[in-house]
Amino acid sequence: MEVVIVPDAKAGGELIAGAIGALLSRKPDALLGVATGSTPLPIYQALAEKVRSGAVDASRARICQLDEYVGLPAGHPESYRSVVLREVVEPLGLSESSFMGPDGSAEDVQAACEAYDKALAEAGGVDLQLLGIGTDGHIGFNEPCSSLASRTRIKTLTEQTRVDNARFFDDDIDQVPHHVITQGIGTILEARHPILLATGEGKADAVAATVEGPVASIVPASALQLHPHATVVVDEAAASKLKLADYFRATFAAKPAWQGL
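Residues numbered from 1 in each chain as written. Predicted model: local features only at pLDDT ≥ 70, side-chain atom pairs only at ≥ 80, totals over all residues. Heavy atoms only, no water.

1. What to know about the overall build of the protein
Tallying secondary structure elements over the protein gives eight helices and 10 strands in all. Since a compact globule built from 261 residues should have a radius of gyration of about 18 Å, the 17 Å found for the protein is in line with a globular shape. If you line up the protein on its principal axes, its C-alpha atoms span 55 × 40 × 35 Å. In the protein, buried positions account for 52% of the 261 residues. Within the protein, residue pairs in contact and separated by at least 24 positions form 77% of the contacts whose partners lie at least 6 positions apart. Put simply, the protein shows about 11,300 Å² of open surface, and 53% of that area lies on carbon and sulfur atoms. (Helix = DSSP H or I, 4+ residues; strand = E, 2+ residues; numbered from the N terminus. Rg over C-alpha atoms; globule rule 2.2 N^0.38 Å. Buried < 20%, exposed > 50% of the residue type's maximum accessible area, 1.4 Å probe, protein only. Contact = heavy atoms within 4.5 Å. Areas by Shrake-Rupley, 256 points an atom, 1.4 Å probe, with all protein chains shown as cover.)

Written as structure tokens, this is what we have:
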């Protein structure tokens, strides 16, 4: 696992957008897994600016969802399909046909989970998967004690996650769904390059447990330690509990530019 400490969220967004641009130059039709929430917005803003300036050609890129609420109609403004279309697909100038995600409004939700897992494999697998991290260490909606081998499935949200997400529903927790479809940890680990971005002091404990703690289902993100090419990008606040912060800074500073992220 590579840990990169950046000054702030904007710098993290620029760094990761650069890595996506480099991937697209090598593989123009790369499948990019995207996360929602406020944390990855600097990535999408930086990438959209690179596309507008002509520095990055994303015209053949494909986009896939990490997770989706169960029970919200596809057109609901806070369904993750709507969020991804609004924050990623449209700013990059892509069409909806370039986008794939699970059907959270399906009558048979379990079948929708299995179909999405199969669709990701049939698409050739995810080339780069963006991840955020919850204050309890969850990735996607794989809450603590999720199986590290789990596949795309239905999950019940913890009260803390519903509280955290109420800000997207007019601060009304009663509007936040209780269930989601999420890529499982095993599914996430099949991505060729997972990149986790964490910002803010509120994520410091989760980051430290993920990077420096044992691999354990109580901290789902710690499973990234098992991946041969996982990157964790954190700002100074989110890095504040890392015992090896100075080492991580030194190793990244000495990294050859040709290696990329």
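2. Considerations on the pattern of salt bridges
Where side chains of opposite charge bring their charged atoms close, a pairing between them can arise. The final tally for this structure, using the stated rule, is 13 salt bridges. Here Arg192 ties to Asp127 by a salt bridge, and the two come within 2.9 Å at their closest N and O atoms. With Arg192 in the loop between helix 6 (185-188) and strand 9 (193-198) and Asp127 in the loop between helix 4 (109-122) and strand 6 (128-131), the pair connects residues that are 65 residues apart, well separated along the chain. Salt bridges sharing common partners tie together Lys27, Asp127 and Arg192. (Salt bridge = Lys/Arg side-chain N within 4 Å of Asp/Glu carboxyl O.)

3. Comments concerning the sheet that holds strand 10 (residues 231-235)
In spatial order, the strands read 1-10-9-6-2-3-5; together these seven strands make up an open sheet with parallel pairing. Looking at the sheet topology across the chains shown, the edges are occupied by strand 1 (2-6) and strand 5 (99-100). Of the pairings in the sheet, the one linking strand 3 (residues 62-65) to strand 5 comprises two bridges and is parallel in character. Bridge assignment links Ile63 to a residue of strand 5, and that residue is Phe99. (Pairing = 2+ DSSP bridges.)

These values are about where atoms sit, not about what they do.
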